[in-house]
Every structure is written in C-alpha cells, then in structure tokens.
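Per-entry structural report
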Amino acid sequence: HMQNFLGGSIVTQPATQQTYLLAGLEKAVSLFRSSPVDGRRRVLIIVTDGELHDKDAYGQAMAELDQAQVRIFGAVIRPFATRTAIDLKAEETLKQIVTSPQDAHFQNILVDELAVALNGICEPGHVWGRYVADVSDEVLPCPTVADKDPCNKQ
C-alpha cells in the first residue's frame, strides 16, 4: 500500500503507478473542519511526483476547503533537472487545484531540493511566504515547530 501523510494522519491507498488525491483531500477537509479558526492562515501543501488521476472527483472536497478558507499550495517533485512529459502532465493537473494565482502557489522542483524549497515557508521572503504570513498584524507562532524555527519568532 502507498501511504499519504497528512497532519500526522496517514491515508492508505492501494499501491498503483498512478497518483490519487481524493482520500487525502477528504482527510484535509475533516482536519480543517475539526480545528478552530484562530487567526492563522489555513494551508494545505500537496506534493506529487505524478499526474493526478482522480481530479474529476474533487468537487465536493475543493468546495469545502474553499469554504474553510484553506490556501492550497502544490509542488511537483521531479528526479531530473530537465522536465519530462510526466512532470509537465503532473504540473498541469496540480495547477488546476492550487489557490489562484496558480503560478504563485505552485513549484516544480527537483526531489533533492524539496526540503530547501519548503524551508522557511512562514517567512514573508519565501516564495510562498507572503501568502502564508499575511494573517494579521500580530505574529502568531507555528505550534508544531520547535521554538528556534523562524516561524516562531515573537
């Protein structure tokens, strides 16, 4: 079985050569529905290495995430410096579900650069940071990150 990790939860799907996201989106809806709104920006980051094959089934989950004011970011991770046809197809399908403007909420990155690309996501200078950080006038700590992390500067 393939496992998708989401908010400390695991969504298990049958192992295939295709990428399916619906179960992960439904889990995200459940987690966001049960978490209080406390002034923090709600963010969902989807990382994939392939085309999303169940994209026609996302309507309900996407509507609920939109209603919960969840910003959706996406990253296609690729194994090679040159983008392949598979990478481009994955990019095309993932861009359809990230928050608008799509180019500002999407990255196509090398697998070896994933950690660097996501580091500092709470910082306004990060490629996605301005969309994550513009929550309010006060700085709110990220509750799941160590105090030394830049997200937790108070």
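What you see is a predicted model; the values in this text were computed from it and never measured. Starting from 1, residues in each chain are numbered consecutively following that chain's sequence as written. With the structure being a predicted model, the display of local features is reserved for residues of pLDDT at least 70 and the display and counting of side-chain atom pairs for 80 or more, all residues being used for whole-chain, interface and lining totals. Neither water nor hydrogens contribute to the side-chain values; these are computed over all heavy atoms in the structure.

**Structural notes on the sheet that holds strand β3 (residues 42–48)**
Think of it this way: DSSP has to see at least two bridges between two strands before they count as a pair. Secondary structure follows DSSP: runs of H or I at least 4 residues long count as helices, runs of E at least 2 residues long count as strands, and numbering of each begins at the N terminus. The three strands lie next to each other as β3-β4-β5, forming an open sheet whose pairing is parallel. Each edge of the open sheet carries a strand with a single partner, namely β3 and β5 (106–110). Between one strand and the next, the sheet's axes are offset by a mean angle of 20 degrees, whatever the strand orientation. Bridge count between β3 and strand β4 (residues 70–78): seven bridges; the pairing is parallel. Bridge pairing links Ile45 to Phe73 in β4. Running at roughly 160 degrees to β3, helix α1 (residues 22–34) makes contact with β3 and β4 of the sheet. Docked against the sheet, helix α3 (residues 85–95) engages β3, β4 and β5, running at close to 175 degrees with respect to β4. To define axes, lines are fitted to C-alpha atoms, for helices over the stretch in contact only, and angles between the resulting N-to-C directions are given on a 0 to 180 degree scale. By definition, residues are in contact when any of their heavy atoms lie within 4.5 Å.

**Here we look at the confidence of the model for the protein chain**
The score called pLDDT rates the predictor's confidence residue by residue, from a low of 0 to a high of 100. Here the protein chain averages 77 in pLDDT, and 75% of its residues register 70 or above. Ranking the elements of the protein chain by mean pLDDT puts strand β1 (residues 2–6) last with 42 and β4 first with 92. Note that pLDDT drops below 50 for residues 135–141; the model gives that stretch 13 contacts with residues more than four away or on any other chain.

**Section: the nonpolar core**
By nonpolar core we mean a set of buried residues, namely Ala, Val, Leu, Ile, Met, Phe, Trp, Tyr and Cys, connected to one another through side-chain atoms within 4.5 Å. When a residue's accessible area, from a 1.4 Å probe over protein chains only, is under 20% of the maximum for its type it is buried; when over 50% it is exposed; and in between it is partly exposed. Counting residues in each nonpolar core, the largest one holds 20 residues, and the members touching the most others are Leu25, Leu44, Ile46, Leu65, Ile72, Leu94 and Ile97. Contributing elements (two or more residues each) for this core: α1, β3, α2 (59–67), β4 and α3. The biggest single contributor to this core is α1, with four residues. Residues contacting Ile46, with those up to four places away along its chain left out, are Leu21, Leu25, Ile72, Phe73, Gly74, Ala75, Leu94 and Ile97. One finds Ala104, Ile109, Trp128 and Tyr131 within the second-largest nonpolar core, a separate group that totals 10 residues.

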